[in-house]
Amino acid sequence: MTIQEIQTACARTTEALDRGALKTAFDTLQGLIAGSQTYTYQNKLDELQETYQYMLRYYIEGSGDPMQEQIYAGIRTQTYELTDRLRHELLADISPASCYAARRTLMLQSVEIDTLLKQTRLYAEAGETESYEASVNRLFGHLWTTTFLPQETVVTVREVLTDPHYPSAARSQMVSALLLGLQETFDKEKLLLLFDAASSTSDETIRIRALIAIYLTLYTYRRRTAFYSEIEHRLGLLAEAPDFKRLLLTVILRFILARETEKVSHKLQEEIIPEMMKLRPKINPGASWSDLITELSGDEMNPEWKSDKLSKWLEEYSEMQEEGIDVMHSTFIHLKHFPFFREVGNWFLPFSTDHSTLKSRADIGITTIDTLLQASFMCDSDKYSLYFSLEQIPETHRKMILHQLDSQINQMNEQQAQELKNRQTKAENIVGLYIQNLYRFYKLYPRHTDFDDIFNEKLDFHHLAMLKPYVSDTETLLQIAEFYLRKGYFEDALTIYRSLIEKGTGDEVLYQKSGYCRQMTGDMEGALRDYLRSEMLNPESPWLLRCIAGCYRTLKQPEEALKFFLRYDTITPDNLSVLMNIGHCYLEQKDYKEALKYYFKVDYLSPDNRKAQRAIAWCSFLIGKYDQARNYYRKVLEDEPQAQDFLNAGHTEWAVQNMKGVLELYKQSVHAAGDFKAFQELLKEDIPDLIRAGIKPSEMPLLIDQLRYSLG
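Just so it is clear, the model here is predicted, and its values are computed rather than measured.

Quick look at the overall build of the chain
Here's step 1: On a plain count of helices and strands, the chain comes out with 36 helices and zero strands.
Here's step 2: Scored against the burial criterion, the 712 residues of the chain give a buried share of 52%.
Here's step 3: Considering only contacts in the chain between residues 6 or more positions apart, those separated by 24 or more positions represent 66%.
Here's step 4: As displayed, the chain has an accessible area near 33800 Å², and 50% of this comes from carbon and sulfur atoms.

What about the side chain of Ser 135?
Here's step 1: Structurally, the position occupied by Ser 135 is in helix H7 (residues 129-145).
Here's step 2: In this structure the side chain of Ser 135 is engaged in a polar contact, spanning 3.5 Å, whose partner is the backbone oxygen of Leu 116.
Here's step 3: Not counting residues within four places of it along the chain, the set of residues in contact with Ser 135 comprises Leu 116, Gln 119, Thr 120 and Tyr 123.

Digging into the packing of aromatic side chains
Here's step 1: Counted by the stated rule, this structure contains 43 aromatic pairs.
Here's step 2: Where Phe 244 meets Tyr 470, the ring centres are 5.3 Å apart and the plane angle is 80 degrees; that geometry is what we call edge-to-face. Of this pair, Phe 244 sits in helix H13 (residues 244-258) while Tyr 470 is found in the loop between helix H22 (423-444) and helix H23 (474-487), placing the two residues 226 residues apart along the sequence.
Here's step 3: Classification of Phe 244 by relative accessible area gives buried; the value is 1%.
Here's step 4: Of the residues examined, Tyr 470 reaches a relative accessible area of 17% and is grouped as buried.
Here's step 5: Each ring, one from Phe 341 and one from Phe 388, has its centre 6.3 Å from the other, and the planes form 85 degrees; the classification is edge-to-face. In this pair, Phe 341 is assigned in the loop between helix H17 (329-332) and helix H18 (361-364) and Phe 388 in helix H20 (residues 380-392), connecting sequence segments 47 residues apart.
Here's step 6: The exposure class assigned to Phe 341 is buried, which follows from its relative accessible area of 0%.
Here's step 7: Above the plane of the ring of Tyr 219 lies Arg 222, whose end atom (NZ or CZ) is 4.2 Å from the centre.
Here's step 8: Between Lys 635 and the ring centre of Tyr 632, over which it is positioned, the NZ or CZ distance is 4.5 Å.

What to know about the environment of Arg 567
Here's step 1: Residue position: Arg 567 is located in helix H28 (residues 558-571).
Here's step 2: Among all residues touching Arg 567, those that are not within four sequence positions of it are Glu 535, Pro 539 and Leu 545.

Quick word on unusual backbone geometry
Here's step 1: One non-glycine residue, Gln 37, adopts positive backbone phi at about 55 degrees.
Here's step 2: Turning to its location among the elements, Gln 37 is positioned in the loop between helix H2 (22-36) and helix H3 (42-60).
Here's step 3: A positive phi angle is found at Leu 459, which is not glycine, with a value near 55 degrees.
Here's step 4: The residue Leu 459 is located in the loop between H22 and H23 in this model.

Considering helix H11 (residues 204-220)
Here's step 1: The first and last C-alpha atoms of H11 sit 24 Å apart over 17 residues, in line with the 24 Å expected at 1.5 Å per residue.
Here's step 2: N-capping of H11 is provided by Asp 203, with a side-chain oxygen placed 2.9 Å from the backbone N of Thr 205.

Regarding the pattern of salt bridges
Here's step 1: Tallied over the full model, the rule gives 35 salt bridges.
Here's step 2: Close ionic contact of Lys 458 with Asp 492 constitutes a salt bridge, the shortest N to O distance being 3.2 Å. Of this pair, Lys 458 sits in the loop between H22 and H23 while Asp 492 sits in helix H24 (residues 490-505); the two residues are 34 residues apart in sequence, bridging distant segments of the chain.
Here's step 3: Lys 458 gets classed as partly exposed once you look at its relative accessible area, which sits at 41%.
Here's step 4: By relative accessible area, which is 9% here, Asp 492 ends up buried.
Here's step 5: In this structure, the salt-bridge partner of Arg 567 is Glu 535, at a minimum N-O distance of 3.0 Å. Placement of the pair is Arg 567 in helix H28 and Glu 535 in helix H26 (residues 524-537), with a sequence separation of 32 residues.

So, the state of the cysteines
Here's step 1: Following the criterion strictly, the structure yields zero disulfides and no others.
Here's step 2: The thiol of Cys 547 is unpaired, and the distance to the nearest cysteine sulfur, on Cys 551, comes to 6.8 Å.

Focus on H26
Here's step 1: If you check H26, its first and last C-alpha atoms are 20 Å apart, about what 14 residues at 1.5 Å a residue would give, namely 20 Å.
Here's step 2: Every buried residue of H26 is listed here: Met 524, Gly 526, Ala 527, Leu 528, Asp 530, Tyr 531, Ser 534 and Glu 535.
Here's step 3: Next to the buried residues of H26 lie H24, helix H25 (508-520), helix H27 (542-554) and H28.

Concerning the packing of helix H31 (residues 610-622) against helix H35 (residues 676-692)
Here's step 1: Where H31 meets H35, the closest approach of the two axes is 9 Å, and the angle between their N-to-C directions is 50 degrees. Here H31 lies oblique to H35, going by the angle between them. Residue-level contacts link Trp 618, Phe 621 and Leu 622 of H31 to Asp 686, Asp 689 and Leu 690 of H35.

Digging into a nonpolar patch on the surface
Here's step 1: The grouping of Leu 576, Tyr 604 and Leu 605 at the surface amounts to a nonpolar patch, some 320 Å² of accessible area in total.
Here's step 2: On the secondary structure map, Leu 576 appears in helix H29 (residues 576-588).

Let's talk about the nonpolar core
Here's step 1: With 124 residues, the main nonpolar core has Ile 212 and Phe 461 as its most contacted residues.
Here's step 2: For Ile 212, the contacting residues outside a window of four places in its chain are Val 251, Phe 255, Val 431, Tyr 434, Ile 435 and Leu 438.
Here's step 3: One finds Tyr 568, Tyr 586, Ala 595 and Leu 665 within the second-largest nonpolar core, a separate group that totals 59 residues.

Quick word on the side chain of His 355
Here's step 1: Position of His 355 among the secondary structure elements: in the loop between H17 and H18.
Here's step 2: You can call His 355 buried: its relative accessible area is 11%.
Here's step 3: Those residues in contact with His 355 that sit more than four places away from it in its chain are Glu 133, Phe 340, Leu 349 and Tyr 384.

Looking at the environment of Gly 515
Here's step 1: By secondary structure assignment, the location of Gly 515 is in helix H25.
Here's step 2: When the C-alpha atoms of Gly 515 and Leu 494 are compared, they prove to be 8.5 Å apart, with 21 residues separating the residues in sequence.
Here's step 3: Residue contacts for Gly 515: discarding those within four places in its chain leaves Ala 527, Asp 530 and Tyr 531.

Quick look at the packing of helix H10 (residues 188-200) against H11
Here's step 1: Following both chains from N to C, one finds H10 and H11 inclined at 150 degrees, their axes separated by 8 Å at the closest point. Relative to H11, H10 is oriented so that their crossing is left-handed. Each of Leu 191, Leu 194, Phe 195, Ala 197 and Ala 198 in H10 lies in contact with H11, whose residues at this interface are Ile 206, Arg 207, Ala 210, Leu 211, Ala 213, Ile 214, Thr 217 and Leu 218.
Here's step 2: Residues that form the contact of H10 with H11 fall into these classes: eleven nonpolar, one polar and one charged.

Thresholds applied
Residues numbered from 1 in each chain as written. Predicted model: local features only at pLDDT ≥ 70, side-chain atom pairs only at ≥ 80, totals over all residues. Heavy atoms only, no water. Helix = DSSP H or I, 4+ residues; strand = E, 2+ residues; numbered from the N terminus. Buried < 20%, exposed > 50% of the residue type's maximum accessible area, 1.4 Å probe, protein only. Contact = heavy atoms within 4.5 Å. Areas by Shrake-Rupley, 256 points an atom, 1.4 Å probe, with all protein chains shown as cover. Polar contact = N/O pair within 3.5 Å; in protein donor to acceptor, adjacent residues only side chain to side chain. Phe/Tyr/Trp six-rings, centres within 6.5 Å; stacked < 30°, edge-to-face > 60°. Lys NZ or Arg CZ within 6 Å of the ring centre and 35° of its normal. Expected span 1.5 Å × (residues − 1). Salt bridge = Lys/Arg side-chain N within 4 Å of Asp/Glu carboxyl O. Disulfide = S-S within 2.5 Å. Axes fitted to C-alpha atoms, helices over the stretch in contact; angles between N-to-C directions. Parallel < 35°, antiparallel > 145°, perpendicular 65-115°, else oblique. Patch = residues over 30% accessible without salt bridge, like charges linked within 9 Å, V, L, I, M, F, W, Y side chains within 5 Å. Core = buried A, V, L, I, M, F, W, Y, C linked by side-chain atoms within 4.5 Å. Left-handed = near helix turned anticlockwise from the far one by under 90°. Nonpolar A, V, L, I, M, F, W, Y, C, P; charged D, E, K, R; others polar.

If you want it as structure tokens, here you go:
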């Protein structure tokens, strides 16, 4: 069988198990065993099918079995495991994926995990740095690529993970390796080891990394973990920690922020950096990108920057950084090519200036580089990138960069040090930086396509059945929903708002926000229902009245829309946009004279308002006031006219039989529309209005042909 056939069969089996179709899963597994001629698994499959058939027989006969649920859960979990074992055995020798390639390499070394654990401790105690690092990397590889850990290994790993005297960096790597391994294959024992690390360690970094790994595993296997009562029990014990709920909320919010990374990176690369490069001579003719980043990171804006647009962007950049959005990703996206990053484990390695790859520390400048790399706003992966990058820069230029960076970084470190004195803030910082490490790996590792990118998932942990009890209170859900709403993830926010409303906790604001989310996702009828419910509770809200009116207009109900726009105008008079909308409602009801009253009011309050001038000109044309229409079209055509403006002005000239004027304006409309076909589509919509203006249908083909001739 081919790799694709094996993977497809296993995926189908897992999907069938997820939806409870065990017969389908068994049949697919049978086909896979026969197709691959791997009959060592046949007995286990026969045993599972036989047990399942007995259970079904008891069920159909009505014989109550108090153990039925437990037996059913056991059959499903064992079938999941059988599928995973079979998949890994079939792919072990033929798959080029990173996991299998690493496993084959490690098998050649013939070193067991238990031995590696002992060696790692001995090398650390003896100060044999390079041997220690190599041992940690091999340990990482084994924990990542071993499909199911033997029980004796589980015991040894548990002892190490909970031993505060074992090297902290090694334990951190073990946690990340367990996470990566669990993303490849579900192993209950690996997950329980993460629970041990999250509950027993005195190291906050290891504890938080383990918590994040647990949440990601529960999410990845959300349809499977419900059948393991032990997991739910361990989660309950973990939740007894006083800061469990707060940390869970922090993780949820940080993963929502991670969705913003690509948008921020694109904005930096496509908008902010090009703008800065234009201003580079004003800032520093010899400035490198590192210098510019220093300016970006500073507390005060450089007064030499005169670009209002850039000032706005930099202010937004600073706000995003304070909020916890990953603004550094785009800076380091091209700095992951160093040999160090070819090793999977190094993407998660806690930063240390004692690492053997950082040998030129004295040459770079000990004081400055230590200050820089203690920065709490950079994840470990980026610190290594920066160090390697500085090593590549010529000494004279490097000293200049470091001198400029030094004071800026010191200032930022002092500020963050004050903030991180708060234990809660420190924990939040650890969460954010580890998620950044994960993001770098899944997006930038040279063979990242070998891994299922967790950041392509929604990662809405608050919807997981196991985690719901800890984030189901109204206050927490509102915080999450507000985060979604503020970041423009309206469907996610709406799901929470609707659940709160269904629970009976809906107040006027909840209905407003639910309506707004529906409106932003295109569900105008649903938005209108929510807005009207809110309006019953708060009939004097101008914002709400305007939203309701807007929904009615979009739904082509100008009569209803007009009622609410007029109510808004009574409460908050002379809003230009609302006055224009009132005019549009009258226009859509063909009450042109009343529409003109409001358009003229806007024109009086805002003499340069082109929207009002367009509307007045068009209404004037429709009611036959052609001189008035011509006067207003002259004003409209003076300021960036559109294809429709030239077209409508041409209609007016046709109505007064100024045929040369018509041709000239229509020609300009064609050019503005881009091509003749687009112009014809615009003209087609206006034919009924032209006929009402007295233009004979028989004249239209003649003018169109003449227009074609004049266009060549």
